[in-house]
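# Close look at the chain arrangement
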Amino acid sequence: MPDHSASPVLQPTQLGDLALKNRIVMAPLTRSRSDDDGIPPAFAADYYAQRANAGLIISEATNISPQAIGYAFTPGIWNDAQVAAWAPIVQAVHDEGGLIFLQLWHTGRISHPDLQGGEPPVAPSAIKPVGQAFTKAGMKDHVTPRALETEEVAAIVEDYRRAATNAKAAGFDGVEVHSANNYLLEQFVRDSTNQRTDRYGGSIENRLRFPLEVIDAVVGVWGANRVGVRLSPATTQPGETPLDSQVMETFGTYVDELSKRGLLYVHDIEGVTQQTRDAPDGVDFAALRRRFGGAYIANNQYTLELAEQVLAAGDADLFSMGRPFIANPDLVDRLRTGAPLAEAPKQYWYGGGSVGYSDWPSIDGTR
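We now turn to the structure provided with this report. Everything quoted here is computed from the prediction, not taken from an experiment. (Residues numbered from 1 in each chain as written. Predicted model: local features only at pLDDT ≥ 70, side-chain atom pairs only at ≥ 80, totals over all residues. Heavy atoms only, no water.)

## So, helix α2 (residues 80-95)
In this model, α2 (16 residues) spans 23 Å end to end at C-alpha, consistent with the 22 Å of a helix rising 1.5 Å per residue. If you check which residues of α2 are buried, you get Q82, V83, A85, W86, I89, V90, A92 and V93. Those residues of α2 that are buried are in contact with α1 (44-50), β4 (56-63), β5 (100-105) and α3 (153-169). Sitting at the head of α2, N79 places a side-chain oxygen 3.2 Å from the backbone nitrogen of A81. Two residues or fewer past α2, G97 is found with a positive phi of approximately 80°. (Helix = DSSP H or I, 4+ residues; strand = E, 2+ residues; numbered from the N terminus. Expected span 1.5 Å × (residues − 1). Buried < 20%, exposed > 50% of the residue type's maximum accessible area, 1.4 Å probe, protein only. Contact = heavy atoms within 4.5 Å. Polar contact = N/O pair within 3.5 Å; in protein donor to acceptor, adjacent residues only side chain to side chain.)

## Side note on the nonpolar core
With 92 residues, the main nonpolar core has Y48, L104, F210, V218, Y254 and L258 as its most contacted residues. Element by element, the count of residues in this core is highest for helix α5 (residues 204-222), at 10 residues. Here L258 is in contact with L212, I215, V229, L231, L263, V266 and F292, once residues within four sequence places are set aside. (Core = buried A, V, L, I, M, F, W, Y, C linked by side-chain atoms within 4.5 Å.)

## A short note on the packing of aromatic side chains
Here the structure, examined in full by the defined rule, presents 16 aromatic pairs. Ring geometry for Y47 versus Y357: centroids 4.0 Å apart, planes at 15°, classification stacked. Taken together, the residues span a long stretch of sequence, with Y47 in helix α1 and Y357 in the segment after α10 (331-337) at a distance of 310 residues. A relative accessible area of 0% places Y47 in the buried class. Between Y48 and W86, the aromatic rings sit 6.3 Å apart at their centres with planes inclined by 50°, giving tilted as the arrangement. With Y48 in helix α1 and W86 in helix α2, this pair connects stretches of sequence that are 38 residues apart. The two residues Y48 and W86 agree in class, both being buried. (Phe/Tyr/Trp six-rings, centres within 6.5 Å; stacked < 30°, edge-to-face > 60°.)

## What to know about the sheet that holds β5
Read once around its circumference, the closed barrel built from 8 strands follows the order β3-β4-β5-β10-β11-β12-β13-β14, with strand pairing classed as parallel. The sheet shows a mean angle of 25° between the axes of neighbouring strands, taken without regard to direction. Summarising the sheet, β4 and β5 pair through 5 bridges and their orientation is parallel. By the bridge assignment for β5, T62 is matched with L104. Here α3 sits on the sheet in contact with β5 and β10 (174-178), set at roughly 160° to β5. The strands that helix α6 (residues 247-260) touches are β11 (227-231) and β12 (265-269); relative to β11, the one it contacts most, it runs at about 175°. (Pairing = 2+ DSSP bridges. Axes fitted to C-alpha atoms, helices over the stretch in contact; angles between N-to-C directions.)

Structure (structure tokens):
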């Protein structure tokens, strides 16, 4: 097997004041193993600790409030019981010498009344998404969401602030604000999903107002040097949402504002997750990267070879991988040694127990 131990992608590096083992980031992976109260299982400690060979782990997307829930069996970070469940998971990662950020999540319209106590999901505007929601009773068609009243927005900002505070209490090393994949924050950013006429709609400045209020609240808890933001300028899933009509102007302005705040990183989905790395006409990820003063984490179908090429070109600093980590807890070791990668059947991706989750063997057959 080829020896890739000298690969620059696999060498130690710095991310702000954090010393990383390598430039490989474990991308957030929704696995739907939590209970009805949003409490992650005890065996999640094994799952995350096994993958602490990554330079940085970004946790599965974690709901900031009951209103944020868009998928059944996903974890929360809004109450003390959830904090208590996350703490040993974080400690297990630290015990293996790893680093882990919590991803803060509000799904907005990508939800269903079954997940909202019978109430419609909330969104910037009452525009129904295409597709289905994963509920405890199975897949159900999305519904038309309720447009948030202007005065309701501040309470959601406070939900983010509380969640960020709880993430610190659980011992995480930082947080990532999920502003991608057509969830609530990106629903406000894009003019295809935001048709408001108040201070949160219309101009790019207005559409960015709520996401930036959220980020400022989170930075107030953590400091900018421990906060990242995930973006997806070219992604149309879930919900088959059209792109913003002025993608580069909108997201370029967004990245400029994030850079002004001195955030640790932006985490950019290059293309459409699970589909293509091809960018729609006019979308230039390298140009967005140049507008940001902090680190740039590139995501979507990266291999070690591709990461090496992009790093050499100066177009990214770190590289996040998602699905390869599902069945390869020792992914970085496999990349280093050229060992083959295992594939996880889709039946194990979402839902279930420890089988297909924390029981994948490493190269040497151990767990």
